[in-house]
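What the coordinates show
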Amino acid sequence: MTQTLTLLGIESSCDDTAAAVVRSGADGALILSSFVWGQTALHADFGGVVPEIAARAHAERVDLCVERALAEADLSLSDLDGIAVTAGPGLIGGVMSGVMCAKGLAAATGLPLIGVNHLAGHALTPRLTDNLAFPYLMLLVSGGHCQFLIVHGTDRFERIGGTIDDAPGEAFDKTAKLLALPQPGGPHVEREARAGDPRRFPMPRPLMDRPGCDMSFSGLKTALLRARDSVIAEKGGLTVADRADLCAAFQLAVCDILVGKSHRALDNYLALRPAVPAFAVAGGVAANGPVRAALSALCDEHQTRFTAPPLSLCTDNAAMIAYAGVERLLLGLVDDMRLAARPRWPLDPAAPALLGSGKKGAKA
Ligand code: KG4
Ligand code: ZN
């Protein structure tokens, strides 16, 4: 990559409005600015993301985010080489807000318009942060995503498995809710689990006895609910130790499922004999210490490099969209004013549709 390119990225597919500027050149890519305006407070009273509220907030905020990203990068529109925008998958009203803003900017400036798949943004992030060479194995694991991908190229993703029901982050959040811990639940469950005995309450490991890399997490919350209720029925309530034990049992089950299925995914991937084997994990659940440690150990056993982007680049952001835009622009994959917002947009059209969609809406 010798040509220097500076791209604006826009992301508005869920509950974060974001804009960023990324410059890429001979020495790799640099994030010049990355601004994320979250909407957690707007949806807090509703127990989930309300699509209409999200769409309105994106429409109101997206141009302000672009202004802010350009100001932080100390650049103006005339310094850019292209406008990249998430064109799906996601909540359609939000995606449309971003796409309309990007089209307006592209029409006004004459710059190339590049529609980016949000999941491709996540999946290409290890190239932005660690310069990984194709093909690498990717586990996207968050509140809305859970899939194994072999990333063969900028526009070629092979999905070799995923959740058939809940995403793991969603399972962490539901566990937290059942145990009266704050949301988002992952970090709280992780903290409680540190003091717990993971063996006291048995938890299922669904689909582990079946071949393939598909996963299931919804049975865990039912098992947790039963275990919790049996303790309450016996003692009239939960002690701090009971809660810690429940969290530890749940977290160990998630780790075991992710590691067991990652092992199979690695076997599939390593059969391709990649020159520099690499496994990247991304998404909010990648912040979980025991999950990271277990996946990292698995990679050590298989002489495979393990990488996890920093959390700010694991969660939704526009730098990943700008970077994916750079890769697409270099390949001449440019869109025009017919670019449409897509609520569904599987990364691997050849893979069968997954049943699960995650709490933030269908993603694959
Ligand atoms: O990637 P993300 O910010 O948003 C999407 O879902 O797209 O992921 C958020 C999810 C939440 O479900 C949250 O509970 C989970 O990631 N999470 C964690 C941890 N930190 C965040 N789960 C387990 N352990 C953590 N430390
Ligand atoms: Zn995302």
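These numbers come from a predicted model, not from an experiment.

Bringing the nonpolar core into the picture now. Counting residues in hydrophobic clusters, the biggest one holds 81 residues, and the most contacted among them are Met138 and Phe217. In terms of residues, this core owes the most to one element, helix H8 (residues 240-270), which gives 13 residues. Mapped onto the domain boundaries, this core takes at least three residues apiece from domain 1 (5-129 + 313-362) and domain 2 (135-309). If we ignore the near neighbours within four places in the chain, the residues touching Phe217 are Cys146, Thr163, Asp165, Asp166, Pro168, Ala171, Val254, Ile257 and Leu258.

Moving on, we come to the domain arrangement of the chain. According to the domain assignment, the chain consists of domain 1 (5-129 + 313-362) and domain 2 (135-309). On a C-alpha basis, the centres of domain 1 and domain 2 stand 27 Å from each other. On the side of domain 2, 29 residues touch domain 1, which itself brings 29 residues to the contact. Of the roughly 2,300 Å² buried between domain 1 and domain 2, counting both surfaces, carbon and sulfur atoms make up 64%. Taken together, domain 1 and domain 2 are joined by 1 salt bridge. Residue Arg328 pairs with Asp155 through a salt bridge whose shortest N-O separation is 3.0 Å. Across the domain 1-domain 2 interface, the total number found is 5 residue pairs in polar contact (both at pLDDT 80 or more). Counting residues per element, the ones that place at least two in the side of domain 1 that touches domain 2 are helix H4 (118-130), helix H10 (311-314) and helix H11 (319-330).

Pairing within the open sheet is mixed, and its 5 strands lie in the order S8-S7-S6-S9-S10. Of all strands in the sheet, those with a lone pairing partner are strand S8 (156-162) and strand S10 (305-307), marking the two edges. The sheet shows a mean angle of 20 degrees between the axes of neighbouring strands, direction not considered. Direction of pairing for strand S7 (residues 146-153) relative to S8: antiparallel, over a ladder of 6 bridges. Its bridge partner being in S8, Val151 is matched across the sheet by Phe157. Docked against the sheet, H4 engages strand S6 (136-141), S7, S8, strand S9 (278-282) and S10, running at close to 125 degrees with respect to S6. The strands touched by H8 are S6, S7, S8 and S9; relative to S6, the strand with the most contacts, the crossing angle is about 155 degrees.

Our focus in this paragraph is the packing of aromatic side chains. For the structure shown, the criterion picks out 3 aromatic pairs. Here the aromatic rings of Phe134 and Tyr136 are separated by 6.1 Å at their centres, their planes lie at 10 degrees, and the arrangement is stacked. Judged by relative accessible area, which is 27%, Phe134 ranks as partly exposed. On the basis of relative accessible area, Tyr136 is assigned to the buried category, the value being 0%. Geometry around Phe134 places Arg127 over its ring, the cationic atom sitting 3.8 Å from the centre.

Contact geometry of H8 with helix H9 (residues 289-301) gives a least axis separation of 10 Å together with a crossing angle of 30 degrees. Here H8 lies roughly parallel to H9, going by the angle between them. Our pair here, H8 against H9, has a crossing hand that is right-handed. Contact residues: Gln251, Cys255, Leu258, Val259, Ser262, His263 and Leu266 in H8; Pro290, Val291, Ala294, Leu295 and Leu298 in H9.

On to the coordination of the zinc ion (ligand 2). At this site the zinc ion (ligand 2) is bound by His118 (NE2), His122 (NE2), His145 (NE2) and Asp316 (OD), with donor distances of 2.1 to 2.5 Å. Each of the 4 donor atoms bound to the zinc ion (ligand 2) contributes to angles spanning 89 to 150 degrees, and the resulting shape is irregular. Between consecutive donors of the zinc ion (ligand 2), the numbers of intervening residues give the motif H-x3-H-x22-H-x170-D. Highlighted residues: His145 in the loop between S6 and S7 and Asp316 in the loop between H10 and H11, separated in sequence by 171 residues. Its relative accessible area of 6% is what places His145 among the buried residues. On the basis of relative accessible area, Asp316 is assigned to the buried category, the value being 13%.

The next subject is the sheet that holds strand S3 (residues 28-38). The strand order across the open sheet formed by 5 strands is S3-S2-S1-S4-S5, and the pairing between neighbours is mixed. What marks the edges here is a single partner per strand, and that holds for S3 and strand S5 (113-117). Neighbour-to-neighbour, the strand axes of this sheet turn through a mean angle of 20 degrees, independent of strand direction. Pairing between strand S4 (residues 82-88) and S5: 5 bridges, direction parallel. By the bridge assignment for S5, Ile83 is matched with Leu113. Sheet contacts for helix H3 (residues 92-109): strand S1 (5-11), S4 and S5; angle to S4, the most-contacted strand, approximately 160 degrees. H11 contacts S1, strand S2 (16-25), S3, S4 and S5 of the sheet and is inclined by roughly 130 degrees relative to S1.

Here is what the cut-offs are and how they apply
- Residues numbered from 1 in each chain as written.
- Chains lettered and ligands numbered in written order.
- Predicted model: local features only at pLDDT ≥ 70, side-chain atom pairs only at ≥ 80, totals over all residues.
- Heavy atoms only, no water.
- Core = buried A, V, L, I, M, F, W, Y, C linked by side-chain atoms within 4.5 Å.
- Buried < 20%, exposed > 50% of the residue type's maximum accessible area, 1.4 Å probe, protein only.
- Helix = DSSP H or I, 4+ residues; strand = E, 2+ residues; numbered from the N terminus.
- Domains from an automatic or database assignment.
- Contact = heavy atoms within 4.5 Å.
- Buried area = accessible area lost by both parts, 1.4 Å probe.
- Salt bridge = Lys/Arg side-chain N within 4 Å of Asp/Glu carboxyl O.
- Polar contact = N/O pair within 3.5 Å; in protein donor to acceptor, adjacent residues only side chain to side chain.
- Pairing = 2+ DSSP bridges.
- Axes fitted to C-alpha atoms, helices over the stretch in contact; angles between N-to-C directions.
- Phe/Tyr/Trp six-rings, centres within 6.5 Å; stacked < 30°, edge-to-face > 60°.
- Lys NZ or Arg CZ within 6 Å of the ring centre and 35° of its normal.
- Parallel < 35°, antiparallel > 145°, perpendicular 65-115°, else oblique.
- Left-handed = near helix turned anticlockwise from the far one by under 90°.
- Donors = N, O, S within 2.8 Å, 3.2 Å for Na, K, Ca; no water.
- Tetrahedral: all angles 85-135°; square planar, octahedral: opposite > 155°, others 65-115°.

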